[in-house]
Amino acid sequence: MMAASLLRRDKKSTAAHLKAELNRIDNSPGVRQLQELLDSVLNPERLVGDAEALEWCKCLLAGGEGFEEFCKTVRSYDNATLCGLVWTANFVAYRCRTCGISPCMSLCAECFNNGDHTGHDFNMFRSQAGGACDCGDSNVMRESGFCSRHRSKTGTNVPSVPRDLLLMSEMVLPRFIICIIQYLRDGYSDPDPSSERDLHKVLQQLEPQISFLEDLTKMGGAMRTVLTKILTNQQTFKDLSMGQEENVYAKKNYDKYLSALKSSGLVSSEEKTGSGGFDPTAGAVALSILGATAAASPEEPVKEEDQDGGQGVGKRKRVKLSSSTKDPSIMDVLKHKCFLEELLFWTIKYEFPQKMVTFLLNMLPDQDYKISFTKTFVQHYAFIMKTLMKSHESDTMSNRIVHISVQLFSNEELARHVTEECQLLDIMVTVLLYMMESCLIKSELQDEENSRHVVVNCGEALLKNNTYWPLVSDFINILSHQSVAKRFLEDHSLLMLWMSFVSFFQGMNLNKRELNEHVEFESQTYYAAFAAELEACAQPMWGLLTHCKVKETQEYTKTVVRYCLETLQMWFDAISFVDEPAPNQVTFHLPLHRYYAMFLSKAVKCQGLDLDSLLPDQEMLMKIMVHPLQIQASLSEIHSNMWVRNGLQIKGQAMTYVQSHFCNSMIDPDIYLLQVCASRLDPDYFISSVFERFKVVDMLTMASQHQNSVLDSEQERPMLEGALTFLVILLSLRIHLGMADDEILRAEMVSQLCMNDRTHSSLLDLISFQFYIFFRVPLQYSPLFCSSVRFACPAFTLAEEESELFFQNVLCWNQ
């Protein structure tokens, strides 16, 4: 009755009346009247499409004033010291390297133009995934770069907010938010192929309501404070979200919500009740390392279907992580305690709709919200991975994920906080391991029958579509913070888990030389393989190496080197390696070798450690030498047309291996490792191994005639030239043998400028985060060639769809 009489009255006068009642000492009648009115106005069953409900909310929040006047008044109490402007893809923003503490720092045009960046190293860019302005955030950029508006704004000169100004907001908005949540619950359907795509339509109908919340965040710090209290209040969530058994609609939605939660953990209830024992038949190096933290399920046969040219041969070995990981919450089903947690859950479930992402990001200038939201994001990290893997629009979803995570993990203080409190590093590594286990197959390297090693299948969509990219990007981002990287390097069990992850890529995309007929279909899986090694293995490695530059970090380097050697030994055991590589096989992917080589180089060059103290025994060194040497011999075979029946793609692999974007993470460490082996092994053994691998031993005898049973006559001379050229490279390349960084940088700059004049910013973009190999022999390896390819694709990033175009350009330059 009371609600009916209030509804008949004018909205403004009703709002003014309720505000006056709520300001009384005994406001219980006013509270009761308001709740009855909201029961009628904010009915989740007819919230969508009901413009009247939004009008009522605006009038109630304004408390009898006009809504525009109310917004203006609230903005006058804005005490926010950060800009926080959120933008989406294709927005033009600025980045100042001089002012930035984090490499991800960015500024909107207004803040950049109002700041003093004269003589700074800055650039204007078009955002790919979206972003937010960092002006005013001293954890991300130096205060000298703040614009005039945020430099002077301390928050102390803003008057305190009158108690009655936001009183109605505190009462109305919780009911408004629970209506949105109930509608999201109602839109959920039990997973089946036909209903999954309907989730987007559900949220599209909610756009006016989400836009209203977004408009509220633009009122400034005072309103954001109110929203933060509502979103993070556990008692309010409990009162409004549960215990509504008498409401049939609410009970039905709550049941749907519980159903949606069932699949949110890494391990479902069914898996928990199953066998958790370790099955040695799975045989992955990773499993040996993981020990008690991993369990292998029985073999699951691969479906009989073509996986990009037959690259997915072999029976699938499913590696299931058990619930004995460090943090059980990683594995368990999610439990929500506040509106913010459930809102993020549905944002993930509905695959990060842009409106919801923008609303959540617009709240970040409130520091309390930012901390709570970051913890919530980490809490849902495993669920994000599972949703991303099932998404039909993983590219769009990846960009939206990074749009959020880059705002959270670029702040070192916040990253360190969630690392300590929420075990962020453990979660990230575990989630990456779990993600990759979905596409593991038995390795055919070396002894195919007895091999117990498993590798990622590069023909799977997870690899082909770079689905892992946002998670790896987050991991690289947090490793850029010294305090977080230090914690990672100090945690030996975490290093073991990471090495097991890297081992999944060791020997992937194996190539077998065709001896009889030309392949019918040229597999393009090598795109995915090179992208995966560079992004998932090499870039985290370079991030860790930046924190191992001084003598004080010697112990970190020693630890990594030790675990590299242990993992390599396990890998040799798993592939049943004896002393010779399998004939007519080559893989360009040896990330474990390269981790060992680069940390070895850093230890000797920057930390003053003795090389011999970090080397294994002679037998192990001989094993380590074999596969990098096999790659060098295979390069000559490919250029000698011995692999011609494998098609053009094998030439593409050979060229990509030495190309300027990859060489510092691939051929450079391989050459350095071979230089180390050459200097420590018996010279006769090393030289004979080289000529044997290049199949030219009989050409170096004093006999008047010779007969090579392996090479044709037209292949003998190119292979001999290849062997001698390799020895020249081995003796002359000095990148990791005493050549100073400024010398390397100078040579790289010369190779770039010989092509064309460059601006300072473009030169920095062209010179990647590490230096590249310069004096290549033969001609295809030259700096001029590398610069030409890079000039052809100056905007290349592996996360973009243009990666295939880039590889095609590499092939064109090779012709």
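Structure: above.
None of these values were measured; they are calculated from a predicted model. (Residues numbered from 1 in each chain as written. Predicted model: local features only at pLDDT ≥ 70, side-chain atom pairs only at ≥ 80, totals over all residues. Heavy atoms only, no water.)

Participant: Just to check I follow, could you spell out the overall build of the protein chain for this structure?
Facilitator: Helix and strand counts for the protein chain stand at 39 helices and ten strands. When each of the 815 residues of the protein chain is scored for burial, the buried share is 58%. Working note: accessible area of the protein chain is about 33700 Å², and carbon and sulfur atoms make up 51% of it. (Helix = DSSP H or I, 4+ residues; strand = E, 2+ residues; numbered from the N terminus. Buried < 20%, exposed > 50% of the residue type's maximum accessible area, 1.4 Å probe, protein only. Areas by Shrake-Rupley, 256 points an atom, 1.4 Å probe, with all protein chains shown as cover.)

Participant: How should I be thinking about the environment of Trp643 in this particular structure?
Facilitator: For Trp643, the position within the fold is in the loop between helix 31 (618–639) and helix 32 (648–658). Looking at Trp643, the relative accessible area reads 1%, which means it is buried. Not counting chain neighbours up to four residues away, the residues in contact with Trp643 comprise Asn511, Lys512, Arg513, Asn584, Gln585, Val586, Glu637, Ile638 and Ile650. In this structure the side chain of Trp643 is engaged in a polar contact, spanning 2.8 Å, whose partner is the side chain of Glu637. (Contact = heavy atoms within 4.5 Å. Polar contact = N/O pair within 3.5 Å; in protein donor to acceptor, adjacent residues only side chain to side chain.)

Participant: Can you help me understand the packing of aromatic side chains in this one?
Facilitator: Ring pairs (aromatic) are described by centroid distance and by the angle formed between their planes. What the rule picks out here adds up to 31 aromatic pairs. Centroid distance Tyr94 to Phe112: 4.1 Å. Interplanar angle 5°. Geometry classified as stacked. Taken together, the positions of Tyr94 in strand 2 (residues 92–96) and Phe112 in helix 6 (residues 109–113) put the pair 18 residues apart, joining distant regions of the chain. For Tyr94, a relative accessible area of 13% gives the class buried. Phe112 gets classed as buried once you look at its relative accessible area, which sits at 9%. One aromatic cluster is present, formed by Tyr188, Tyr254, Tyr257, Phe345, Trp346, Tyr350 and Phe383 through successive ring pairs. Note that Arg95 overlies the ring of Phe125, its terminal NZ or CZ placed 4.4 Å from the centroid. The ring of Tyr257 has Arg185 lying over it, and the distance from NZ or CZ to the ring centre is 4.6 Å. (Phe/Tyr/Trp six-rings, centres within 6.5 Å; stacked < 30°, edge-to-face > 60°. Lys NZ or Arg CZ within 6 Å of the ring centre and 35° of its normal.)

Participant: Looking at this structure, how should I read the state of the cysteines?
Facilitator: In protein chemistry, a disulfide is the covalent bond that joins the sulfur atoms of two cysteines. Inspection of every chain in the model, using the stated rule, returns zero disulfides. Between Cys59, a cysteine without a disulfide, and Cys57, which holds the nearest cysteine sulfur, the sulfur-to-sulfur distance is 9.5 Å. (Disulfide = S-S within 2.5 Å.)

Participant: Is there a simple way to think about the pairing of strand 3 (residues 122–126) in this case?
Facilitator: One face of the sheet, then the other: side chains in a regular strand alternate in exactly this way. Only one face of strand 3 is buried: it carries Asn123 and Phe125, and the other face, with Phe122, Met124 and Arg126, is open. Note: strand 2 against strand 3, five bridges, orientation antiparallel. In the sheet register, Ala93 faces strand 3, and the bridge partner there is Phe125. (Pairing = 2+ DSSP bridges.)

Participant: What exactly am I supposed to notice about helix 17 (residues 339–349) here?
Facilitator: In an α-helix there are 3.6 residues to a turn, and that puts residues three or four apart on one side. Burial analysis of helix 17 places eleven of its eleven residues in the buried class, which makes it a mostly covered element. The set of residues buried in helix 17 consists of Phe339, Leu340, Glu341, Glu342, Leu343, Leu344, Phe345, Trp346, Thr347, Ile348 and Lys349. Among the residues trailing helix 17, Glu351 stands out with phi positive, at a value near 60°.

Participant: What's the story with the packing of helix 29 (residues 554–574) against helix 31 in this structure? I'm lost.
Facilitator: Helices that pack against each other are described as a pair by the angle of their axes relative to one another and the distance between those axes. Viewed as axis vectors pointing N to C, helix 29 and helix 31 meet at an angle of 75°, and their least axial separation amounts to 11 Å. In terms of their interaxial angle, helix 29 and helix 31 are classed as roughly perpendicular. Contacts between helix 29 and helix 31 pair Leu565, Leu568, Gln569, Trp571 and Phe572 from the former with Met620, Lys623, Ile624 and His627 from the latter. Here the residues of the contact of helix 29 with helix 31 sort into six nonpolar, two polar and one charged. (Axes fitted to C-alpha atoms, helices over the stretch in contact; angles between N-to-C directions. Parallel < 35°, antiparallel > 145°, perpendicular 65-115°, else oblique. Nonpolar A, V, L, I, M, F, W, Y, C, P; charged D, E, K, R; others polar.)

Participant: Can you walk me through helix 19 (residues 367–379) in this structure?
Facilitator: Compared with the 18 Å implied by 1.5 Å per residue over 13 residues, the 18 Å span of helix 19 between its first and last C-alpha is a close match. The complete set of buried residues in helix 19 reads Tyr369, Lys370, Phe373, Thr374, Thr376, Phe377 and Val378. (Expected span 1.5 Å × (residues − 1).)

Participant: Would you take a moment to explain the pattern of salt bridges for this structure?
Facilitator: Pairing is possible between side chains that carry opposite charge, provided their charged atoms lie close to one another. For the structure on display, the rule yields 19 salt bridges. Between Arg175 and Asp39 there is a salt bridge whose closest N-O contact spans 2.5 Å. Taken together, the positions of Arg175 in helix 8 (residues 167–187) and Asp39 in helix 3 (residues 28–41) put the pair 136 residues apart, joining distant regions of the chain. Note on Arg175: relative accessible area 12%, which makes it buried. Residue class for Asp39 comes out partly exposed when judged on its relative accessible area of 47%. With its nearest N and O atoms 3.9 Å apart, the salt bridge here joins Lys355 to Glu214. Residue Lys355 is found in helix 18 (residues 354–362), and its partner Glu214 is found in helix 10 (residues 207–217); the two are separated by 141 residues along the sequence. Lys355 gets classed as partly exposed once you look at its relative accessible area, which sits at 31%. (Salt bridge = Lys/Arg side-chain N within 4 Å of Asp/Glu carboxyl O.)

Participant: Sorry if this is basic, but what is going on with the packing of helix 20 (residues 381–390) against helix 25 (residues 469–479) here?
Facilitator: Direction vectors running N to C along helix 20 and helix 25 enclose 150°, while the axes themselves pass 10 Å from each other. Contact residues: helix 20 offers Tyr381, Met385 and Leu388, while helix 25 offers Pro470, Leu471 and Asp474. Residues of the contact of helix 20 with helix 25, tallied by class, amount to five nonpolar, no polar and one charged.

Participant: What's the story with unusual backbone geometry in this structure? I'm lost.
Facilitator: Trans is the common state for peptide bonds, and a negative phi is the common state for residues other than glycine. Positive phi is not limited to glycine here, since Gln423 has a value of about 55°. One can find Gln423 in the loop between helix 22 (412–422) and helix 23 (424–436). By relative accessible area, Gln423 is classed as partly exposed at 25%. The backbone of Lys695 shows a phi angle near 65°, a positive value even though the residue is not glycine. Relative to the helices and strands, Lys695 is located in the loop between helix 34 (683–693) and helix 35 (713–732).

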